[in-house]
Amino acid sequence: SGWGQAFASNYQINTIDDEDSVVFEIQFKGKVDDGTLNVNVENGMVTISGRQVQKSQDNEEGSWVHFSSSSSFSQSFSVPYGVDENNVQIKNQGNKVILTFPKKAQEV
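Basis of the calculations
Residues numbered from 1 in each chain as written. Predicted model: local features only at pLDDT ≥ 70, side-chain atom pairs only at ≥ 80, totals over all residues. Heavy atoms only, no water. Phe/Tyr/Trp six-rings, centres within 6.5 Å; stacked < 30°, edge-to-face > 60°. Helix = DSSP H or I, 4+ residues; strand = E, 2+ residues; numbered from the N terminus. Buried < 20%, exposed > 50% of the residue type's maximum accessible area, 1.4 Å probe, protein only. Salt bridge = Lys/Arg side-chain N within 4 Å of Asp/Glu carboxyl O. Core = buried A, V, L, I, M, F, W, Y, C linked by side-chain atoms within 4.5 Å. Contact = heavy atoms within 4.5 Å.

Colleague: Mind showing me how you'd approach the packing of aromatic side chains here?
Modeller: Each aromatic ring pair is specified by the distance between its two centres and by the angle formed by the two planes. A complete count under the given rule lists three aromatic pairs for this structure. Plain terms: the ring middles of F24 and F77 are 5.0 Å apart, the flat faces sit at 50° to each other, and that makes the pair tilted. Here F24, found in strand β2 (residues 21–28), pairs with F77, found in strand β5 (residues 63–78); they are 53 residues apart in sequence, far enough to count as distant. F77 shares its class with F24; the two are buried.

Colleague: For this particular structure, what's the right way to read the pattern of salt bridges?
Modeller: When their charged atoms lie close together, side chains carrying opposite charge are able to pair. Going through the model one piece at a time under the given rule, you end up with one salt bridge. As a salt-bridge pair, K103 and D17 come within 2.6 Å of each other at their nearest N and O atoms. Linking K103 in the segment after β7 (96–102) with D17 in strand β1 (residues 11–17), this pair joins segments that are 86 residues apart in sequence. In this structure K103 comes out as partly exposed when scored by relative accessible area, which is 33%.

Colleague: Can you help me understand the nonpolar core in this one?
Modeller: Formed by 19 residues in total, the largest nonpolar core has its most connected members in F24, F28, V46, I48, L99 and F101. Counting only elements with at least two residues in this core, the list comes to β1, β2, β3 (38–42), β4 (45–60), β5 and β7. Looking at which element gives the most residues to this core, the answer is β2, with four residues. The contact partners of F101, leaving out residues within four places of it in the chain, are D20, S21, V22, F24, V41, V46, V79, V83, D84, E85 and V88.

Structure (structure tokens):
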């Protein structure tokens, strides 16, 4: 299974499976452009997409040099078995997104 593995060179997913929930921490190695991050959970799939923009400037020999690059990303993975995908909590923390799926009650 692909849990906890990097899904591209600029992103990594860490998974925490505890008694009450399954938590995905998606760590971005760069800043995700404000307003472009989209997290969609439906039909048993999680899709994360957005755009990263990297900008820098440097003063070389009295001249300012500006660099800018942009890349888009999209990644989908299955919702874990036994969780309630309709009650997922999504927290955006700049370069990290945390998805918390509560586990369904076990039937006896």
